[in-house]
Amino acid sequence: MLKRTHLRHFIALAETGAVTAAARRLNLTQPTLSASLAEMERLLGTTLILRVRERGRRELRLTDAGHRLLAQARSIESRFRAAETELASGQVPAQPLTVGILSSLPTGLIAGLRKSLGDERPLILIEGSDSDLRRRLGERQIDGAICLMRHGEADEPALDEGYAVLLSSRHPLAGRDELEAEELSGETMIARRSCELLTETSKFFTARGIRPHFLMRSANEDRCLAMVREGFAVTTGPVSLAGDGVVAIPLRDYDFRRTVGLAMPDSEGRAALAAAWAEALTADLPGRQPD
């Protein structure tokens, strides 16, 4: 027979998209969580979650049965929590707002969003690529997403910015107004795996005969920026990643831009999230151009 713990484990797996992250949220070991999922699928006689590999990383993806169960599990868990709270204090708790966050956003902006939203409603942040966040939004795994805006889509304040070379503020080239690609031919570089322009950037340098030595390839933005800040390497990225010892210098003919905004259907919580996003954008971020 299914238990409430089964449903809580399943919800965590569906919302985080990874066994490691779900286990961390629930304060459980990964084997315990995997065993719980296996028992659920045995009891229900169907597969709920598939393990797939996308862009070299393992992710969890719900089956059709998993999607149907997720809606029911959330509803059941919501009623459990409401009953517990009502018995304890007579109040019905606010439902968590689950928001997808683009991996390549600066940490300060994400922190600003959390701060601006306040404590009136619990917030769950799920990090991912633009395609991953769009998929989760379409599958209703998340309530909204701070992601790349498509043409004509941004109707809220948005972060519109260009891409540049990111250097240590102590780098000999840090004082330049613009750089030529050839000036980076002898530099050690970092490949930011969370960058939306990873393929385009590779083609840009290859077309100019530049094949630099790479110190590392990482999806951890803070780690990449820390290595740049220390002067160990340079990288490319959106200008909002500059700051705290890292400067952004335009690169000739590297004329890419992005617009980041809120994608969220009209629903309860949208107004509050839109207001929090607009307030977070008032932070002093390099290159920020609100709509």
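The text that follows walks through the structure, step by step, so that each part is easy to find. (Residues numbered from 1 in each chain as written. Predicted model: local features only at pLDDT ≥ 70, side-chain atom pairs only at ≥ 80, totals over all residues. Heavy atoms only, no water.)

Some points on the overall build of the chain
- A count of helical and extended segments in the chain gives nine helices and eleven strands.
- Considered along the principal axes of its C-alpha atoms, the chain spans approximately 65 × 35 × 35 Å.
- For the chain, the residues scored as buried account for 46% of the 291 residues in total.
- Considering only contacts within the chain whose residues lie at least 6 apart along the sequence, 73% involve residues at least 24 apart. (Helix = DSSP H or I, 4+ residues; strand = E, 2+ residues; numbered from the N terminus. Buried < 20%, exposed > 50% of the residue type's maximum accessible area, 1.4 Å probe, protein only. Contact = heavy atoms within 4.5 Å.)

Topic: unusual backbone geometry
- Here the phi dihedral of arginine 140 falls at roughly 60°; this positive angle occurs in a residue that is not glycine.
- Note on placement: arginine 140 falls in the loop between helix H6 (130-138) and strand S5 (144-148).
- At aspartate 253, a position not held by glycine, the phi torsion is positive, near 70°.
- Turning to its location among the elements, aspartate 253 is positioned in the loop between strand S10 (246-249) and strand S11 (257-263).

With respect to helix H2 (residues 19-26)
- Of all the residues in H2, the buried ones are Val19, Ala22, Ala23 and Leu26. Seen along its axis, H2 keeps its buried residues to an arc of 100°; they face one direction.
- One or two positions beyond H2, positive phi appears at asparagine 27, with a value near 60°. (Arc of directions from axis to C-beta.)

Thoughts on the side chain of serine 194
- Looking at where serine 194 falls in the secondary structure, it is placed in the loop between strand S7 (188-192) and helix H7 (198-207).
- Judged by its relative accessible area of 15%, serine 194 falls in the buried class.
- Residues within four places of serine 194 in sequence aside, it is in contact with Ser103, Ser104, Ser218, Ala219 and Glu221.

Considerations on the environment of serine 104
- Examined against the element boundaries, serine 104 turns out to sit in the loop between strand S3 (97-102) and helix H5 (107-117).
- A C-alpha to C-alpha distance of 9.8 Å links serine 104 and aspartate 222, two positions 118 residues apart in sequence.
- Those residues in contact with serine 104 that lie beyond four places of it in its chain are Arg192, Ser194, Glu196, Glu221, Pro238, Leu241 and Arg258.

Describing the pattern of salt bridges
- Overall, the coordinates contain 16 salt bridges when judged by the stated rule.
- One salt bridge in this structure joins glutamate 59 and arginine 135, with 3.9 Å as the shortest N-O distance. Pair noted here: glutamate 59 is in strand S2 (residues 57-62) and arginine 135 is in helix H6, with a separation of 76 residues, a long-range link.
- For glutamate 59, a relative accessible area of 12% corresponds to the buried category.
- A salt bridge links glutamate 161 to arginine 258, with the shortest nitrogen-to-oxygen separation between them at 2.8 Å. Taken as a pair, glutamate 161 in strand S6 (residues 159-168) and arginine 258 in strand S11 lie far apart in primary sequence, 97 residues in all.
- For glutamate 161, a relative accessible area of 0% gives the class buried.
- Residues participating in the shared-partner salt-bridge network are Glu59, Asp132, Arg135, Arg136 and Glu139. (Salt bridge = Lys/Arg side-chain N within 4 Å of Asp/Glu carboxyl O.)

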